[in-house]
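Structural overview for review
Here's the letter readout for the chains.
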Amino acid sequence: MIKTPKSLRIHIGIFGKRNTGKSSFLNSITEQYTSIVSDVKGTTTDPIYKSVEIPEVGPVVFIDTAGFDEEGELGKLRVEKTKKVIDKCDGFIYLLSDDFENEFLKLIKEKKKPIIYILSKSDKDDFEYRKEKYKNYNFLEFNSKDNLSKKIVLEKIKKTFKTKEERTITQNLVKENDTVILVMPQDIEAPKGRLILPQVSTIREILDKKANAICTGIENLNSVLNSLKKDPDLIITDSKLFSQVYKIKPEKVKLTSFSVLFSAFKGDLKYFVDSVKKLDNPNTKKILIFEACSHPPVSEDIGTVKIPKMLKNKRCDLEIDFQRGDDFFDIEKYDLIIQCGSCMHNRSQVMSRVDESKRKNIAMTNYGITIAYLNDILEKIALPEN
């Protein structure tokens, strides 16, 4: 489980001013020397990620951040990096300081996600005075040298972040004993010797559901279908092969793609399906294609080559831009955003982008939904429950 990808872990951000004990807290909770601890203010510069396993919660990643009161030009850059972590978090641990109600805490509260308040004990300050000051707040005392206080905090973390209802990739489309064919082209975009994350995660889930996974390439799909005694229950394909697989598959066999599955798993499927229809609106002129992961561009790249070509075949008047990375910028000028499946980002980060788009009244969809729509098969493919 320690190798669970970060994108599938619960993200818990540790926030507070400089020297409030954030790094000491992380080291103590994880029982490892993960973050450097010093009396010098601003020791933590860039966010530090530490993956751990917490019983009853599962795979978690703690994020230790720079203090939001950093000063100077370099300090401002560090604060901006700290702000960007907020969108990735499923919840927060906030270490109290001398000014509880500040602008940064307001940003965290706006996310309406769980917050655990911590008052860290130090031998160098008046702890009793601070306890009295914050007596109206529901905080937990923490002392890195006290195992009991650590145990209490861990129990609070378990209670707060225990998964009540686990989201699944295939949702209602796969059940026990089903047979699923996965069409997985291993082209130049796939890392040599490895499968890409959506493929690995989907195969693992199918096996966990006690269903059967058959992996193949498009060139062998016909022979695989002919070898089966009965038709498969579902075919999952790489989105760029939608039209080819649709022509080959038996009429009554359900078809979807990895990107479509991840659009529901990580984002807002209904919003994506509704948004893609803006391509038929003549007022839709400017489109942003957004890819979350970073890799050198290749000749057959789906985001920079294939989807733009399909869009231009439909509407030659479209203006298409491309961005890559963690964050949107200057999205107000676009009528539609088409993002990748976001397999490398967690749901909180994807939904933050969705919420930003909704607030700014900008339509958003993803690669798989777009390709299905441009191939006129969106209404004919299987969509998971969102």
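In the block above lies the structure referred to throughout.
Starting from 1, residues in each chain are numbered consecutively following that chain's sequence as written. Reporting of local features is limited, given that this is a predicted model, to residues whose pLDDT is at least 70; pairs of side-chain atoms are given and counted only at 80 or more, and all residues count toward the totals for whole chains, interfaces and linings. Here the side-chain values reflect all heavy atoms present in the structure, with hydrogen atoms and water set aside.

**What to know about the overall build of the protein**
Scanning the protein for helices and strands turns up 13 helices and 14 strands. Note on classification: 1.4 Å probe, protein chains only; a residue is buried when its accessible area is under 20% of the maximum for its type, exposed when over 50%, partly exposed between these limits. Out of the 386 residues in the protein, the part that is buried amounts to 53%. Contacts are assigned to residue pairs with any non-hydrogen atoms lying within 4.5 Å of each other. Contacts in the protein between residues far apart in sequence, at least 24 positions, make up 69% of those at least 6 positions apart. Helix and strand assignments follow DSSP, with helices taken as H or I runs no shorter than four residues and strands as E runs no shorter than two, numbered in order from the N terminus.

**Overview of the pairing of strand β13 (residues 336-339)**
With burial as the criterion, each face of β13 is covered, one bearing L336 and I338 and the other bearing I337 and Q339. A pair of strands counts as paired when DSSP detects no fewer than two bridges linking them. Strand direction decides the pairing type here: strand β11 (residues 286-291) and β13, joined by four bridges, are parallel. Bridge pairing in β13 places I287 opposite L336. Crossover handedness is defined here as right-handed if the route from the first strand over the helix to the second strand goes clockwise, with the strands pointing away from the viewer. On the question of chirality, the crossover connecting β13 to the parallel strand β14 (residues 363-366) by way of helix α12 (residues 347-359) is right-handed.

**Describing helix α10 (residues 269-276)**
The buried fraction of α10 amounts to six of the eight residues, a majority that puts the element mostly inside the structure. Buried within α10 we find L269, Y271, F272, V273, S275 and V276.

**A closer look at the pattern of salt bridges**
The term salt bridge refers to a side-chain nitrogen of Lys or Arg lying within 4 Å of a carboxyl oxygen of Asp or Glu. What the rule picks out here adds up to 16 salt bridges. R204 is the salt-bridge partner of D208, the closest N and O atoms lying 2.9 Å from each other. Linking D208 with R204, this pair stays in helix α6 (residues 197-208), spanning four residues, or about one helical turn. K286 serves as the salt-bridge partner of E319, at 3.1 Å between the closest nitrogen and oxygen. Separated by 33 residues along the polypeptide, E319 in strand β12 (residues 319-324) and K286 in strand β11 bring together distant segments of the chain.

**Here's the deal with the packing of aromatic side chains**
Only Phe, Tyr and Trp rings take part, Trp by its six-membered ring, and two of them pair if their centres are within 6.5 Å. Stacked means planes under 30 degrees apart, edge-to-face means over 60, and tilted covers everything else. Enumeration according to the criterion identifies five aromatic pairs in this entry. The rings of F15, F92 and F104 are connected pair by pair, giving a single aromatic cluster. We call a charge positioned over a ring when the NZ of a Lys or the CZ of an Arg lies within 6 Å of the ring centre and within 35 degrees of the ring normal. When the ring centre of Y271 is taken as origin, the NZ or CZ atom of K358, which lies over that ring, is 4.9 Å away.

**Comments concerning helix α3 (residues 103-110)**
Within α3, the full set of buried residues consists of F104, L105 and I108. Here the buried residues of α3 occupy an arc of 100 degrees about the axis, which is enough to place them on one side. For α3, the exposed residues lying more than 90 degrees away from the buried face are E103 and E110. Phi turns positive one or two residues past the end of α3, at K112, with a value near 55 degrees. Regarding the arc, it is the one traced by the directions from the helix axis to the C-beta atoms.

**Concerning the sheet that holds strand β4 (residues 91-95)**
Across the sheet, six strands lie side by side as β2-β3-β1-β4-β5-β6; this open sheet has mixed pairing. Pairing within the sheet leaves two strands with one partner each, and these edge strands are β2 (48-54) and β6 (139-142). Each neighbouring strand pair of the sheet contributes to a mean axis angle of 25 degrees, computed without reference to strand direction. Where β4 meets strand β5 (residues 115-120), four bridges bridge the pair, whose relative direction is parallel. The residue bridging I93 from the neighbouring strand is I116, located in β5. Interaxial angle, 0 to 180 degrees, is taken between N-to-C directions of lines fitted to C-alpha atoms, where a helix line uses only the stretch in contact. Packing of α3 onto the sheet brings it into contact with β1 (10-15), β4 and β5, and relative to β5 it is tilted by some 150 degrees. Strand contacts of helix α5 (residues 147-161): β1, β2, β3 (58-64), β4, β5 and β6, with the helix running at about 145 degrees to β6, the strand carrying the most contacts.

**What to know about the side chain of S257**
Following the sequence through the fold, S257 ends up in strand β10 (residues 254-257). Exposure remark for S257: the relative accessible area of 0% places this residue in the buried category. Contacts described as polar in this section are N or O atom pairs within 3.5 Å, which, within protein, must combine one atom able to donate a hydrogen with one able to accept it, while residues neighboring in sequence count only if both atoms come from side chains. From its side chain, S257 meets the backbone nitrogen of V260 in a polar contact 3.0 Å long.

**A few points about the environment of I236**
Its place among the elements puts I236 in strand β9 (residues 234-237). For I236 and V260, which are 24 residues apart along the polypeptide, the C-alpha to C-alpha distance reads 9.4 Å. With sequence-adjacent residues up to four places away left out, I236 is seen in contact with T170, V180, I181, L182, V183, T202, I206, T256, S257, F258 and L261.

**Topic: the nonpolar core**
Judged by nonpolar contacts, the single largest core of 51 residues is most densely connected at L279 and L311. Considering every element that reaches this core, the biggest residue donor is helix α13 (residues 367-374), with six residues. By nonpolar core we mean a set of buried residues, namely Ala, Val, Leu, Ile, Met, Phe, Trp, Tyr and Cys, connected to one another through side-chain atoms within 4.5 Å. Residues V52, I54, L140 and I157 belong to the second largest nonpolar core, which totals 20 residues.

Just distances and angles here, no functional claims.
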